[in-house]
Amino acid sequence: MRMIRVLFLTALVFGCDRGRPAASSADGAGSRPDSGARTAAVETIPRKLARYTPVRLTADVSRLSPKEQEMVPLLIAAARLMDSVYWLESSGPRDSVLKLAADSGSRRLIDINYGPWDRLDGDAPFVPEAGAKPKGANFYPHDITTAEFEAAATGPNTDSLKSQYTLVRRENGKLVAGAYHVAFEPWIKPAAAKLRSAAALAEDPGLRKYLELRATALETDDYQPSDFAWLAMKNNTLDVVIGPIESYEDGLFGYKAAHEAYVLIKDKVWSKRLARYASLLPSLQQALPVKDEYKREKPGTDSDLNAYDAVFYAGQANAGAKTIAINLPNDEQVQLKKGTRRLQLKNAMKAKFDKILMPIADELVAADQRGNISFDAFFEDVMFHEVAHGLGIKNTIDGEGTVRAALKERASALEEEKADVLGLFMVTQLNDRHELSENLLDNYVTFLAGLFRSVRFGAADAHGRANMSEFNFLLDHGAFVRDSVTGTYRVDLVKMRAGINDLAALILTYQGNGDYAGVGSFYDAGAKINPALQADLSRLSSKGIPVDIVFEQGADVVGSK
């Protein structure tokens with residue numbers, strides 16, 4: 001086992017030290033830039049850094065018991081170890097990657113992006129020596145081809161090579177899979193120990209059980225028992241999401257989950273406001289605007305909604321644009337049996353609303369509709385985006401497998417777009433049923449302002465790609481129009497509603513059919529920024545409006561004022 005771990009870690013280290021060239025020399029990735037190119041790249045660094053605005057991740061720790069307060073630094077320590085693993089998965093050992101940069105600004109930007117590729121600029125390298133980012137990150141050999149992988153991933157090798165929890169490397173000319181818990185043992189073992197130490201302090205039995213099972217999951221790559229235990233927790237105030245979870249980093253096949261972590265404190269007052277919506281999922285599923293075969297699955301009714309203050313982000317969660325809501329677990333079997341939990345990260349969400357969304361609205365939303373923008377509407381739009389992940393279809397209608405397996409690397413962007421659109425569909429339905437107090441136009445206008453915020457993340461981000469596609473679809477359907485004189489946008493309530501239904505039906509059909517080629521054509525045509533929108537987004541940059549936030553965080557920051 002030790003030899004396997006050494007083999008895989010060596011591949012990660014040497015992959016980084018060679019500067020991570022792309023596999024194809026036809027793309028020019030193998031050539032070294034001249035000094036002029038290097039100087040130009042350095043000159044863009046201050047502008048790139050200015051796209052982030054700092055936010056201190058603080059929370060009211062007085063709501064925690066003394067033992068819970070002791071648990072916080074233990075959970076943060078475990079989360080930091082996920083940071084080290086994610087560096088290896090995304091680009092290589094942090095210290096080695098930082099050596100690619102010659103100045104402090106570039107090193108800071110590498111830290112924000114977990115590598116020398118700008119996540120807000122289509123993963124363009126900002127350190128020229130880095131070359132293009134391999135689509136498969138460090139999950140696969142950088143020169144692997146689709147044909148080679150598909151040929152190897154047959155018969156008894158299928159499950160191991162396609163597993164979410166393995167690294168793929170070549171050994172004696174053959175592709176082999178190495179388990180995460182073996183390859184990353186130097187970080188996994190101490191992280192598991194920290195979770196067990198926290199479990200020993202936990203006063204809530206559900207939290208104690210989850211922490212113990214999650215520690216075991218890190219050491220075995222068997223996450224289902226801990227996922228079920230996590231969903232069973234109801235009374236805990238502290239929470240931690242930790243392990244290999246999302247597959248966004250795998251742009252080659254979309255198979256591999258990357259490590260991340262969140263340390264969270266529940267806001268029980270806000271959580272009570274959200275509790276009633278989970279019971280409505282089955283009726284909302286039946287109301288979806290598609291044929292019965294595309295909504296035949298029944299969403300789990302054990303799903304719950306909660307609001308949290310985040311006190312620490314690590315790994316995938318902390319790379320580039322920051323997540324403000326979570327819908328987990330991703331395991332389709334767990335979702336169908338028990339549903340999911342939707343976590344709204346209220347303090348991070350409020351920071352983005354105040355520092356980014358409102359200034360954007362002042363520039364790009366029609367003056368007479370700016371009054372329709374509110375934090376409650378933003379909170380609802382984000383919340384129902386996460387709830388909507390549980391709606392629709394998880395398995396293709398031909399019975400051949402999951403939507404995620406059928407759509408491969410295209411699955412994540414389409415799933416994010418589905419969640420956006422079905423979230424709005426849910427808001428509309430609940431408004432019709434008098435379940436929401438917000439004016440429907442408030443949700444629609446706030447959603448439009450949120451689209452402007454998200455498309456700035458760029459095409460390399462699954463959320464950004466999804467947002468560009470839905471923006472263009474809804475614009476083409478007249479859901480909102482641009483005033484060429486003022487450069488502002490106005491929502492049409494009736495056409496927005498119709499456009500939402502049409503786009504929802506299209507996405508659910510793509511998913512249910514497992515239409516890999518159709519999704520590719522859909523994004524080739526629609527996930528592009530038109531010239532007018534590009535000019536408007538440039539206006540935002542010229543005004544100094546940040547694109548996203550970057551955290552000042554840690555055990556010493558949590559309870560500070």
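Residues numbered from 1 in each chain as written. Predicted model: local features only at pLDDT ≥ 70, side-chain atom pairs only at ≥ 80, totals over all residues. Heavy atoms only, no water.

Chemist: Would you mind going over the environment of L252 with me for this structure?
Modeler: Relative to the helices and strands, L252 resides in the loop between β6 (238-246) and β7 (258-267). Take L252: its relative accessible area is 18%, and that puts it in the buried class. Separated by 40 residues in the primary sequence, L252 and E212 have C-alpha atoms spaced 34 Å apart. (Helix = DSSP H or I, 4+ residues; strand = E, 2+ residues; numbered from the N terminus. Buried < 20%, exposed > 50% of the residue type's maximum accessible area, 1.4 Å probe, protein only.)

Chemist: Which parts of the structure should I look at to understand the packing of helix α20 (residues 462-476) against helix α21 (residues 493-513)?
Modeler: A pair of packed helices can be characterised by two numbers: the angle between their axes and the separation between those axes. One can describe the packing of α20 onto α21 by two numbers: an axis separation of 9 Å at closest approach and a directional angle of 130°. With respect to their mutual orientation, α20 and α21 come out oblique. For the crossing formed where α20 meets α21, the hand is right-handed. Here E470, F473 and L474 of α20 lie close against α21, whose contacting residues are M496, G499, I500, D502, L503 and L506. Tallied by class, the residues present in the contact of α20 with α21 amount to six nonpolar, one polar and two charged. (Axes fitted to C-alpha atoms, helices over the stretch in contact; angles between N-to-C directions. Parallel < 35°, antiparallel > 145°, perpendicular 65-115°, else oblique. Left-handed = near helix turned anticlockwise from the far one by under 90°. Contact = heavy atoms within 4.5 Å. Nonpolar A, V, L, I, M, F, W, Y, C, P; charged D, E, K, R; others polar.)

Chemist: Quick question: what am I supposed to make of the sheet that holds strand β9 (residues 325-328) here?
Modeler: Hydrogen bonds along the backbone pair up the strands of a sheet, which may run parallel or antiparallel. Strand order in this open sheet of five strands is β6-β7-β8-β10-β9, and the pairing throughout is mixed. Strand pairing shows two members of the sheet lacking a second neighbour, β6 and β9, which therefore form its edges. Within the sheet, the average angular offset between the axes of one strand and its neighbour, ignoring direction, is 35°. Across eight bridges, the pairing between β7 and strand β8 (residues 304-315) is antiparallel. Each bridged residue has a counterpart across the sheet, and for V263 the counterpart in β8 is F312. (Pairing = 2+ DSSP bridges.)

Chemist: What is the right way to read the packing of aromatic side chains from this model?
Modeler: Describing an aromatic ring pair means giving the distance of the ring centres and the angle of the ring planes. For the structure shown, the criterion picks out 23 aromatic pairs. Their ring planes at 70° and their centres at 6.5 Å tell us that F480 and Y489 sit as a pair that is edge-to-face. Y489 matches F480 in its accessibility class, with the two residues each being buried. Through pairs of rings, three or more aromatic residues link up here, namely Y140, F149, F253 and Y255. In this structure, K350 is placed above the aromatic ring of F375, and the distance from its NZ or CZ to the ring centre is 5.7 Å. Positioned over the ring face of Y516 is K408, at 5.7 Å from the centre of the ring. (Phe/Tyr/Trp six-rings, centres within 6.5 Å; stacked < 30°, edge-to-face > 60°. Lys NZ or Arg CZ within 6 Å of the ring centre and 35° of its normal.)

Chemist: How should I be thinking about unusual backbone geometry in this particular structure?
Modeler: One can expect most non-glycine residues to show negative phi and most peptide bonds to be in trans. Cis peptide bonds are those with omega within 30 degrees of zero, and the linkage from L328 to P329 qualifies with 0°. Looking at the secondary structure, you find P329 in the loop between β9 and α14 (332-338). At N172, a position not held by glycine, the phi torsion is positive, near 55°. On the basis of relative accessible area, N172 is assigned to the exposed category, the value being 78%. A positive phi is found at K408, a non-glycine position, where the angle reads about 50°. Structurally, the position occupied by K408 is in the loop between α17 (403-407) and α18 (411-432). For K408, a relative accessible area of 24% gives the class partly exposed.

Chemist: Sorry if this is basic, but what is going on with the nonpolar core here?
Modeler: A general feature of soluble globular proteins is that nonpolar side chains tend to end up buried together. Counting residues in each nonpolar core, the largest one holds 180 residues, and the members touching the most others are F149, L211 and F480. Those residues in contact with L211 that lie beyond four places of it in its chain are M71, L75, L195, A198, A199 and V240. (Core = buried A, V, L, I, M, F, W, Y, C linked by side-chain atoms within 4.5 Å.)

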